[in-house]
Every structure is written in C-alpha cells, then in structure tokens.
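Understanding the architecture of this molecule
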Amino acid sequence: MNRDLLEKAIRDMIIAIGENPEREGLKNTPKRIAKLYEDIFSGVGKDAKKNINVYKVKNEDEMVILSDIPFYSMCEHHFLPFFGSVHIAYIPKNNRITGFSNLIDVVDTISRRPQIQERMTTEIADTINDMLDPLGVLVVVEARQFCIELQGRNRKNIKTVTSAIRGGFRKNATRQEALQLLKKVSSSED
Ligand SMILES: [Zn+2]
C-alpha cells in the first residue's frame, strides 16, 4: 500500500468537500485513515487459498460447522462498511479437513478488501471448495450495509443475507440439515 499517496488523496478529498485540512480536528485525519486502511484493506492482493492448511483426520462424511464468524468489509461502490457474520458448513471428502482458525483467516483475507457481499460469499465458498475438494460447502453471510442505511430513513433493520452452495449441499435434504444446525447454533447464543 502506498501510504504517502493515500494520505495525499485523503487530504485532497477533505479540500474537495469544502473543508479545511489544516484545522485542528482534520490535521491528522489523512494519517489516521491511511493507517486504518492498511488494516481494513490488508486482504488486497492476497491469495486466500494460502490461508488453508489441509489435514488428514478420520471423518466419515460428518458435517463440520463454524458459525457466527464476525467480519468487517468495505462496499466497493461507496467505500462504506458492511459487516456481520459468516457461517460455514462443509462435509469433508477422503478425511481432508482444515483448521477452524484457517477458515477464520479465509474470511479475514476475503473481507478485508473492496468487496460486495455477493462476491465475498462465493469467494469464501470457492476457496474452501478448491482447497479441500469436499463433498459439499455451504456459506451463509448475514450483514448490515451502511450504504443502504445511510440512503434512507428507517432502514437500520435491513439485514442482507447471501448464500453459496457447492457440491453435496445442492441436495435439498443436506442443505436443510445444515441450515437447521446453523439455526440451532445461532439461536443457542441468544
Ligand atoms: Zn455501497
């Protein structure tokens, strides 16, 4: 990331909206935002497949579920945050699994770049599908989108939900079972 260029661009943006970049509250804003962007956009140019280590553990087609993984991302159309939870379910094939923390890292890498929720969801599913070649993958993402909420009144309760299904989860019964389990896991926390 080019920190100097970013700081200059943010300073220009402050001028462009008619503000004074030298006034006390704004003086260090370009520096602050540039530093923050290094974290928010740390997934740019990174390959999420490298987050996945493959392990062999005896598994007889049992489902693996990781739910309520928090994520924060930036909508690429408005550069405003969208954030929420990712739920992942997969059924390993030939005893091939990955670590839970590896799945969290995949979510981090893919969400920390200019994104849209729909593509983020399919990228997570495709990364797991390509690396583990499982019997099936189901990814569900629930989010709140600042660009939706800021553009109208009474929109703060809108939840956007997207899902991506690969392999065996296309079968209705398996998908139902996974969704039921996810529901149980999520509601047990409330
Ligand atoms: Zn947007």
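Residues numbered from 1 in each chain as written. Predicted model: local features only at pLDDT ≥ 70, side-chain atom pairs only at ≥ 80, totals over all residues.

**Brief notes about the overall build of the chain**
Cut-off, in case you're wondering: In DSSP terms, a helix is any run of H or I states spanning at least four residues, a strand is any run of E spanning at least two, and both are numbered starting from the N terminus. Partly exposed residues are those whose C-beta has more than 12 but fewer than 20 other C-beta atoms within 10 Å; 20 or more makes a residue buried and 12 or fewer makes it exposed, with C-beta atoms placed from the backbone. Note on contacts: residues are paired as contacts if their backbone-placed C-beta atoms lie within 7 Å.
Scanning the chain from terminus to terminus reveals seven helices and seven strands. The N-to-C order of helical and strand elements in the chain reads α-α-α-β-β-β-β-α-β-α-β-α-β-α. When each of the 190 residues of the chain is scored for burial, the buried share is 25%. Put simply, 73% of the contacts in the chain that link residues at least 6 apart link residues at least 24 apart.

**Structural notes on the packing of helix α4 (residues 100-111) against helix α5 (residues 117-132)**
Helix-helix packing: each pair is described by the crossing angle between the helix axes and the interaxial distance. Rules: The axes are straight lines fitted to the C-alpha atoms, using for helices just the contacting stretch, and the angles between their N-to-C directions are given from 0 to 180°. Any angle that is under 35 degrees is reported as roughly parallel, and any over 145 degrees as roughly antiparallel; angles of 65 to 115 degrees are reported as roughly perpendicular and all others as oblique. Helix crossings get a hand from a simple test, with the near helix turned counterclockwise from the far one by less than a right angle marking a left-handed crossing and a clockwise turn marking a right-handed one.
Their axes nearest at 10 Å, the elements α4 and α5 cross at an angle of 140°. Classed by the angle they form, the pair α4 and α5 counts as oblique. Where α4 crosses over α5, the two elements pack in a sense that is right-handed. Between α4 and α5, the contacting residues are V106, V107, I110 and S111 on the first element and M120, E123, I124, T127 and I128 on the second.

**Some thoughts on the domain arrangement of the chain**
Stated formally: Note that the domain bounds were set by an automatic or database domain assignment.
By domain assignment, the chain separates into domain 1 (3-40) and domain 2 (48-187). Taking only C-alpha atoms into account, the centre of domain 1 sits 33 Å from that of domain 2.

**With respect to the nonpolar core**
Our working rule: A set of buried residues qualifies as a nonpolar core if it consists of Ala, Val, Leu, Ile, Met, Phe, Trp, Tyr and Cys joined through C-beta atoms within 7 Å.
Counting residues in each nonpolar core, the largest one holds 27 residues, and the members touching the most others are I124, L138 and V139. Residue assignment for this core shows that the elements contributing at least two residues are β3 (81-91), α4, α5, β6 (136-145) and β7 (160-167). Look past the residues within four positions of I124 in its chain and what remains in contact with it is V86, V106, V107, I110 and V139.

**Notes on the sheet that holds strand β5 (residues 114-115)**
Defined as follows: Strands pair, by our definition, only if DSSP identifies at least two bridges between them.
Strand order in this open sheet of five strands is β5-β2-β3-β6-β7, and the pairing throughout is mixed. Here the strands that pair on one side only, and so sit at the sheet edges, are β5 and β7. Strand direction decides the pairing type here: strand β2 (residues 64-75) and β3, joined by nine bridges, are antiparallel. Directly across from M74, in β3, lies its bridge partner P81. Along the sheet, α4 contacts β2, β3 and β5; its crossing angle with β2, the most-contacted strand, is approximately 20°.

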